[in-house]
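Structural overview for review
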Amino acid sequence: MTNRRAETSPLVYARIAGLLYLILIIAGIFAEFFVRSSLIVSGDATATADNIIASGMLFRIGICADLIMILCDVALALIFYVLLRPVSTSLALLAAFFRLIQAAVLGVNLLNLSYALKLVSGADYLSGFDKDQLHALMLMFLDAHGTGYSIGLVFFGLSILILGYLVYRSGYFPKILGILLICASFGYLTDSFAQVLLTNYESYEALFSMIVFTPAFVAELSFCLWLLWKGVNVGRMNQLYSNA
């Protein structure tokens, strides 16, 4: 009975991780690219406010999608620790810590979206501000959300970097998945630090978005599909456990 549990449990964890990762990817892409990118007009507070007022439910659904993404990330932090601790307990724990910090940052950062929504809600307590002031404040909170998202991605990039190394070293995942995850981590880190260091980041935003999104999408979707399709090499994983 014990041997059966030892053989099936990692596969169950892998399948759950793959499903959670797929939900995370879909929710994240929907919130960022189908909601915020379609509603927020860079530098134009009035147009952005009009879009959010006209599509308030879509904006709220985007916030819910972000919450789902964050909840999946918290669960994945634990599951990846369980799957990768045979390689290195300390590094697997460090990757989990970085992922949890990212989830905490992104969770708190959702307050900026909530504040932006409230500023265009037409509530009576906002009557002391004129429309232009409200729209300007709304855009400031949306910009703050973008900054907070970039800060969160620093911790996520570090988590993915360690995760990629552990996947590469594990022997029960293909090494190419580890290499892809490491490449994705450098994309996340490069873009996040560029937003802080470059005063004219907007001029290169499309380029940095491509640098981040393309390798990240390929790496994380590949890892997700592998977890769903193949899971882990249980024999190799149990061998590492027995040698630990």
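Above this text you will find the structure in question.
Described in the following lines is the structure provided in the data block. Each residue is numbered by its place in its chain's sequence as written, counting from 1. Residue-level local features of this predicted model are given only where pLDDT is at least 70; pairs of side-chain atoms are given and counted only at 80 or more, and the full residue set underlies all totals for whole chains, interfaces and linings. The side-chain figures draw on all heavy atoms in the structure; neither hydrogens nor water molecules are used.

1. A look at the pattern of salt bridges
The working definition used for a salt bridge is a side-chain nitrogen of Lys or Arg within 4 Å of a carboxyl oxygen of Asp or Glu. Tallied over the entire structure, the rule returns three salt bridges. Between Asp66 and Arg36 there is a salt bridge, with the nearest N and O atoms lying 2.6 Å from each other. Remark: Arg36 occurs in helix H1 (residues 2-39) and Asp66 occurs in helix H3 (residues 56-84); sequence separation between them is 30 residues. Between buried and exposed lies partly exposed: a residue is buried under 20% and exposed over 50% of the maximum accessible area for its type, with that area taken using a 1.4 Å probe on protein chains only. Taking relative accessible area as the criterion, Arg36 reaches 5% and is therefore assigned buried. Its salt-bridge partner being Arg99, residue Asp73 comes within 2.6 Å of it at the nearest N-O pair. Note on conventions: DSSP H or I runs of at least 4 residues are helices, E runs of at least 2 residues are strands, and numbering of each starts at the N terminus.

2. Points about the nonpolar core
Membership of the largest hydrophobic core comes to 67 residues, with the highest contact counts inside it found for Tyr21, Phe80, Leu84, Met138 and Phe223. Those elements that provide at least two residues to this core are H1, helix H2 (45-54), H3, helix H4 (89-119), helix H5 (131-170), helix H6 (175-197), helix H7 (201-229) and helix H8 (234-243). The biggest single contributor to this core is H3, with 14 residues. Discounting residues that sit within four places of it in the chain, Met138 has contacts with Ala45, Thr48, Ala49, Ile52, Ala116, Leu119 and Val120. Here, nonpolar core refers to any group of buried Ala, Val, Leu, Ile, Met, Phe, Trp, Tyr and Cys residues whose side-chain atoms link them within 4.5 Å. Contact criterion: two residues are considered in contact whenever any of their non-hydrogen atoms come within 4.5 Å of each other.

3. Focus on the packing of aromatic side chains
Pairing of aromatic side chains requires ring centres within 6.5 Å, counting the rings of Phe and Tyr and the six-membered ring of Trp. Pairs whose planes differ by under 30 degrees are stacked, by over 60 edge-to-face, and all others tilted. Here the structure, examined in full by the defined rule, presents 11 aromatic pairs. Ring geometry for Phe213 and Phe217: centres 5.5 Å apart, planes at 25 degrees, overall stacked. With Phe213 and Phe217 both in helix H7, this residue pair falls four residues apart, about one helical turn. One aromatic cluster in this structure is built from Tyr21, Phe80, Tyr172, Phe173 and Phe223. It is Lys175 that lies over the ring of Tyr168; its NZ or CZ is 4.3 Å from the centre. Charge-over-ring placement is defined geometrically: NZ (Lys) or CZ (Arg) within 6 Å of the ring centre, and within 35 degrees of the ring normal. Positioned above the aromatic ring of Trp229, the side-chain terminus of Lys230 is 4.7 Å from the ring centre.

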